Amino acid sequence: MIVLAVDTALDACSVAIARDGEVLASISETMTRGQAERLAPMAREAITQAALAFTQIDRIATTTGPGSFTGVRVGLSFARALALAISKPCIGVSTLEALALEQGEVGLRAAVIETPGASYFALYRDGAPVTAPRPIERGEHVALLGGEDAVVRGPGAVPSMAALAVRAQRLDPAHYRPDPLYLRAPHVTLPGGAS
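The present account deals with the structure reproduced in this document. (Residues numbered from 1 in each chain as written. Predicted model: local features only at pLDDT ≥ 70, side-chain atom pairs only at ≥ 80, totals over all residues. Heavy atoms only, no water.)

### Observations regarding the pairing of strand S2 (residues 12–19)
Going by this rule: Per-residue accessibility, obtained with a 1.4 Å probe over protein chains only, is compared with the maximum for each type, and a residue is labelled buried under 20%, exposed over 50%, and partly exposed between these values. Helix and strand assignments follow DSSP, with helices taken as H or I runs no shorter than four residues and strands as E runs no shorter than two, numbered in order from the N terminus. Pairing between strands is defined by DSSP: at least two bridges between them are needed.
In terms of burial, S2 is a largely internal element, 7 of the 8 residues being buried. As paired strands, strand S1 (residues 2–7) and S2 are joined by 6 bridges and run antiparallel to one another. Looking across to S2, one finds that valine 3 is bridged to alanine 18. Counting the residues between successive antiparallel strands, the hairpin from S1 to S2 contains 4 residues.

Next comes the structure, spelled out in structure tokens:
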């Protein structure tokens, strides 16, 4: 199975392609803006590096958030549109799950995302959620771990799309829908600076 994975939810634009557990291409660029303009050309570069055609992709995987509202929508829109264009399934994985489980699923694994306006946490044991993705106060993850020895990813980390592309090969599309995971209300600034 060949999987193309994309992420634009945090401070990077990333694409990777894996076939049967082997990473064929992986490209990531740090950026807080411009993912919409960069994602399609980056996917084309990855396809070229992997010596494939888009029609050879069997599944598309994307992160679903939490993250920046715009970034989440960019990745989801691209992944869904590509899946529709090539008639292949698209799966969505929370950014926290992608982070927590990118180095394996055995044992207790957690992820923390901190943004200027919010922090998020999720905890997994042997790949299954113990604490579903949720908003937290900055630093609260220490108390939520309750002194248990866990592998913790973040804050400040971005998910490895190479790891997600490999892992996505065995995920059930029925349980990993490509829907946005918003854990906080949007912050809207009206003309004139009113909120």
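### Concerning the nonpolar core
Here is the rule we go by: Throughout, nonpolar core names a set of buried Ala, Val, Leu, Ile, Met, Phe, Trp, Tyr and Cys residues whose side chains join them through atoms within 4.5 Å. In what follows, residue pairs with any heavy atoms lying within 4.5 Å of each other are defined as contacts.
Membership of the largest hydrophobic core comes to 26 residues, with the highest contact counts inside it found for Leu4, Val15, Ile17, Ile57 and Ile60. Looking at this core, the elements with two or more residues in it are S1, S2, strand S3 (22–30), helix H1 (35–49) and helix H2 (69–86). No other element matches the 6 residues that H2 contributes to this core. Apart from the residues lying within four places of it in its own chain, the contact partners of isoleucine 57 are Ile2, Leu4, Ile17, Ile47, Ile86 and Lys88. Of all hydrophobic cores here, the second largest spans 15 residues; its members include Ala5, Ala16, Ile91 and Ala168.

### Examining the sheet that holds strand S8 (residues 128–136)
Basically, it comes down to this: Axis definition: a line fitted to C-alpha atoms, over the contacting stretch in the case of helices. Angles run 0 to 180 degrees between N-to-C directions.
A sheet is described by the order of its strands in space; here 4 strands give the open sequence S8-S7-S6-S9, paired in mixed fashion. Each end of this open sheet is capped by a strand with a single partner; those strands are S8 and strand S9 (151–153). For this sheet, the mean angle separating the axes of adjacent strands, direction not counted, is 15°.

### As for the sheet that holds S1
By way of backbone hydrogen bonds, the strands of a sheet pair with one another, either parallel or antiparallel. In space, the 5 strands of this open sheet follow the order S3-S2-S1-S4-S5, with mixed pairing throughout. Looking at strand neighbours, the two that pair on one side only are S3 and strand S5 (90–93), the edges of this open sheet. The sheet shows a mean angle of 15° between the axes of neighbouring strands, direction not considered. Alignment of S2 against S3, held across 8 bridges, turns out to be antiparallel. Residue alanine 12 lies in a different strand from S3, and its bridge partner there is threonine 30.

### What about the pattern of salt bridges?
Threshold: Here, a salt bridge means any Lys or Arg side-chain nitrogen found within 4 Å of an Asp or Glu carboxyl oxygen.
If you walk through the whole model with that rule in mind, you get 11 salt bridges. Residue glutamate 102 pairs with arginine 153 through a salt bridge whose shortest N-O separation is 2.5 Å. Taken together, the residues span a long stretch of sequence, with glutamate 102 in the loop between helix H3 (95–100) and strand S6 (108–114) and arginine 153 in strand S9 at a distance of 51 residues. Ionic pairing is found between glutamate 140 and arginine 134, a salt bridge with its closest N-O pair at 3.4 Å. Residue classification places glutamate 140 among the partly exposed positions, given a relative accessible area of 25%. Several salt bridges share partner residues, and in doing so they unite Glu97, Glu105, Arg167 and Arg170 into one network.

### Considering the pairing of S6
Burial within S6 is extensive, with 6 of its 7 residues counted as buried. Bridge count for S6 against strand S7 (residues 119–125) is 7 bridges, and the pairing is antiparallel. When the bridges of S7 are listed, isoleucine 113 appears paired with tyrosine 120. Here S6 folds back onto S7, and the loop between the two strands holds 4 residues. Taken together, the 3 bridges between S6 and S9 define a ladder with parallel strand orientation. In the sheet register, alanine 110 faces S9, and the bridge partner there is valine 152.

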